[in-house]
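Chain residues, written in single-letter form:
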Amino acid sequence: MTASLSPGTEIYPGPVSARPRAVVPDGAIGPTPDVEIVDVTKRFGTVTAVDRMRLAIAHGEFYSLLGPSGCGKTTTLRMIAGFEQPTEGEIFLDGQPIAGVPPYQRNVNTVFQHYALFPHMDVAQNVGYGLRQRKIRGTEERRRVAEALELVRLGGYDKRRTWEMSGGQQQRVALARALVNRPTVLLLDEPLGALDMKLRKEMQLELKALQREVGITFVYVTHDQEEALTMSDVIVVMRDGLIQQMGGPTELYERPVNRFVADFIGTSNFIEATVVEPPDEGRHVAVRSARGLTLRGRVTDDEATVRVGDTVTVASRPERLEVVPADAAAPVGAGITQINGRVQQGTYLGDQTEYRVLTEEAGELIVRHQNAAGAGGAPGVGPGDPVIVRWQRDANLVLAG
Ligand SMILES: Nc1ncnc2c1ncn2[C@@H]1O[C@H](COP(=O)(O)OP(=O)(O)OP(=O)(O)O)[C@@H](O)[C@H]1O
Ligand SMILES: [Mg+2]
């Protein structure tokens, strides 16, 4: 089992749109996804926790469900695990419908934020719990427990008491316990949430490496965009129970389809504008802001219809902008926008310096300069200084959603 054989890349080429669409194209032949969520809605009374979700999770991939608190991430996991039933729609595991199949008969395991280890058992007994439930005992149990502990780098810890271990170690025991049965899919609900930042970052890389090694499909829930970018093959961005966009980390960062995604993943500058020229073949449009700034940029959502007169938002990433002292401005080349402003604030962030610049034509813009060795940020630029903010046309992302 290798992740490079991921079937999803062939059958579901780069799903980018926020809109629901067919999970498997009509007539498609190919490997069955590990999990298919087909038109699933989950309501709790008047709350719609998950709204008409369509999602195919390909084998051997690392999926993240990313979104703010209350957007339906845990509910989605709980439906896959069998702890909740969909109000509408259907879920398939390995191509089989699973309505009515109890959680313990589903070939999935879950790791929660709070590890819920059994305090009266040592590490080996905790890890072997799922095996003993399946009547696997003795030498076979020991062999598989040892293997799972090796995987999470806890070889030799068999006899330790779990309450003697650190948070990170306890979470590894929980992982080993979930992996020992070799489930088809491992569901992880904010499993690193209780760890401090440094350990959390270490564990992110370890988890990713572990997933590659075992080749088991991971569905990972987080509200931390950086975590999702670090670990995932595919990120599913959710809001109010609705999938906003799904795709690889680069795609989501460089081509967010709407303002919510552009704002939730990374930082963006936003300029409200009206379309003044229709899209060309490359889907570039000309837009004009309320304050008269004309910009050109590419429409990020391939599915969106954009017409003259439509209101859109132009997003740009702070690292794609540059500030220079007002008197040092270079001539405006083709495809370059230059506007005047005044630095409100400059913040040294170690690897970079962030400037907040108030401009007449585009309001406040955030600009980030990488800090080269010995020098921080843009030369000769500080709070109160008149500056020019400049950027290339290809920094402009035109968001129709
Ligand atoms: N058992 C329940 N009864 C009633 N409402 C529920 C129940 N479980 C979830 N909800 C509601 O469904 C919505 C989605 O909840 P869910 O736990 O899936 O969110 P989440 O994305 O996991 O959020 P968080 O990041 O805070 O964990 C919320 O509005 C929540 O209040
Ligand atoms: Mg949750």
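Residues numbered from 1 in each chain as written. Chains lettered and ligands numbered in written order. Predicted model: local features only at pLDDT ≥ 70, side-chain atom pairs only at ≥ 80, totals over all residues. Heavy atoms only, no water.

## So, the nonpolar core
Across soluble globular proteins, nonpolar side chains show a tendency to be buried alongside one another.
Part 1: Val127, Leu175, Leu186, Leu188, Leu207, Leu210 and Phe218 are the most contacted members of the largest nonpolar core, which has 35 residues in total.
Part 2: Elements that contribute at least two residues to this core include exactly helix 3 (123-127), helix 5 (138-151), helix 6 (167-179), strand 7 (185-189), helix 7 (197-214) and strand 8 (217-222).
Part 3: Among the elements that make up this core, the one with the highest residue count is helix 6 (6 residues).
Part 4: When neighbours within four sequence positions are excluded, Leu210 is seen to be in contact with Leu151, Val152, Leu175 and Leu179.
Part 5: If you look at the next biggest cluster of nonpolar residues, it comprises 28 residues, including Tyr63, Ile91, Val221 and Val234. (Core = buried A, V, L, I, M, F, W, Y, C linked by side-chain atoms within 4.5 Å. Buried < 20%, exposed > 50% of the residue type's maximum accessible area, 1.4 Å probe, protein only. Helix = DSSP H or I, 4+ residues; strand = E, 2+ residues; numbered from the N terminus. Contact = heavy atoms within 4.5 Å.)

## Considerations on the pairing of strand 14 (residues 311-316)
Part 1: Across the 6 residues that make up strand 14, a large majority, 5, are buried.
Part 2: Bridge analysis of strand 11 (residues 269-277) against strand 14 gives 6 bridges, and the strand direction is antiparallel. In the strand pairing of strand 14, Ile271 is matched with Val314.
Part 3: Here strand 14 runs beside strand 20 (residues 397-399); their pairing, made up of 3 bridges, is antiparallel. Among the inter-strand pairings, Val314 is bridged to a residue of strand 20, identified as Val398. (Pairing = 2+ DSSP bridges.)

## So, the pattern of salt bridges
Part 1: Under the criterion given, the structure shown has 28 salt bridges.
Part 2: Note that Arg144 and Glu140 form a salt bridge whose closest N and O atoms lie 3.5 Å from each other. Pair noted here: Arg144 and Glu140 are both in helix 5, with a separation of 4 residues, about one helical turn.
Part 3: Among the residues examined, Glu140 registers a relative accessible area of 31% and is labelled partly exposed. (Salt bridge = Lys/Arg side-chain N within 4 Å of Asp/Glu carboxyl O.)

## Considering unusual backbone geometry
Part 1: The phi dihedral of Lys135 is positive, around 65°, even though this residue is not glycine.
Part 2: With respect to the element layout, Lys135 can be found in the loop between helix 4 (129-133) and helix 5.
Part 3: The backbone phi angle of Glu190 is positive, close to 45°, even though this residue is not glycine.
Part 4: Mapped onto the secondary structure, Glu190 falls in the loop between strand 7 and helix 7.
Part 5: The class for Glu190 is buried, based on a relative accessible area of 12%.

## Here's the deal with the site of ligand 1
Part 1: Around ligand 1 sit Phe44, Val47, Ala49, Pro68, Ser69, Gly70, Cys71, Gly72, Lys73, Thr74, Thr75 and Glu190, and those are all the residues in its vicinity.
Part 2: The separation between an oxygen atom of ligand 1 and a polar main-chain atom of Gly70 is 2.7 Å.
Part 3: In this structure, an oxygen atom belonging to ligand 1 sits 2.8 Å away from a side-chain N or O atom of Thr74.
Part 4: Protein burial of ligand 1: of its 640 Å² of free accessible surface, 58% is covered by the chains.
Part 5: Every element with two or more residues in the shell around ligand 1 is listed here: strand 2 (47-57) and helix 2 (73-81).
Part 6: With 3 residues, helix 2 is the single largest residue contributor to the shell around ligand 1.
Part 7: Taken together, the residues of the shell around ligand 1 break down into 5 nonpolar, 5 polar and 2 charged. (Near = heavy atom within 4 Å. Polar contact = N/O pair within 3.5 Å; in protein donor to acceptor, adjacent residues only side chain to side chain. Areas by Shrake-Rupley, 256 points an atom, 1.4 Å probe, with all protein chains shown as cover. Nonpolar A, V, L, I, M, F, W, Y, C, P; charged D, E, K, R; others polar.)

## Some thoughts on the packing of aromatic side chains
Centre-to-centre distance and the angle between the planes together describe a pair of aromatic rings.
Part 1: For the structure shown, the criterion picks out 4 aromatic pairs.
Part 2: Plain terms: the ring middles of Phe62 and Phe218 are 5.5 Å apart, the flat faces sit at 45° to each other, and that makes the pair tilted. Note that Phe62 is positioned in strand 3 (residues 62-66) and Phe218 in strand 8, a separation of 156 residues in sequence. Here Phe62 and Phe218 have matching classes, each one buried.
Part 3: Arranged with centres 4.7 Å apart and planes meeting at 50°, the rings of Phe118 and Tyr129 form a pair that is tilted. Highlighted residues: Phe118 in the loop between strand 6 (108-111) and helix 3 and Tyr129 in helix 4, separated in sequence by 11 residues. (Phe/Tyr/Trp six-rings, centres within 6.5 Å; stacked < 30°, edge-to-face > 60°.)

## Brief notes about the environment of Gly95
Part 1: The topology assignment puts Gly95 in the loop between strand 4 (88-93) and strand 5 (96-97).
Part 2: Once the C-alpha coordinates of Gly95 and Leu186 are considered, the two residues, 91 residues apart in sequence, prove to be 17 Å apart.

## Considerations on the confidence of the model for the protein chain
Part 1: When the pLDDT values of the protein chain are averaged, the result is 89; 92% of them are 70 or greater.
Part 2: Note that pLDDT drops below 50 for residues 1-22; the model gives that stretch 45 contacts with residues more than four away or on any other chain. (pLDDT = per-residue confidence, 0-100.)

## Some remarks on the domain arrangement of the protein chain
Part 1: According to the domain assignment, the protein chain contains domain 1 (3-107 + 183-259) and domain 2 (267-399).
Part 2: Every contact between the two is made by 11 residues of domain 1 and, on the other side, 14 residues of domain 2.
Part 3: Carbon and sulfur atoms make up 44% of the area that domain 1 and domain 2 hide from each other, which totals about 1,100 Å².
Part 4: A per-residue breakdown of the area domain 1 buries against domain 2 is headed by Tyr253, Arg255 and Arg259, which together make up 53% of the total.
Part 5: The interface formed by domain 1 and domain 2 holds 2 salt bridges in total.
Part 6: Of the charged contacts in the structure, one is a salt bridge between Asp302 and Arg255, with a shortest N-O distance of 3.1 Å.
Part 7: Inspection of the domain 1/domain 2 interface yields 6 residue pairs in polar contact (both at pLDDT 80 or more).
Part 8: Counting residues per element, the side of domain 1 that touches domain 2 draws most heavily on helix 9 (residues 249-254), which supplies 3 residues. (Domains from an automatic or database assignment. Buried area = accessible area lost by both parts, 1.4 Å probe.)

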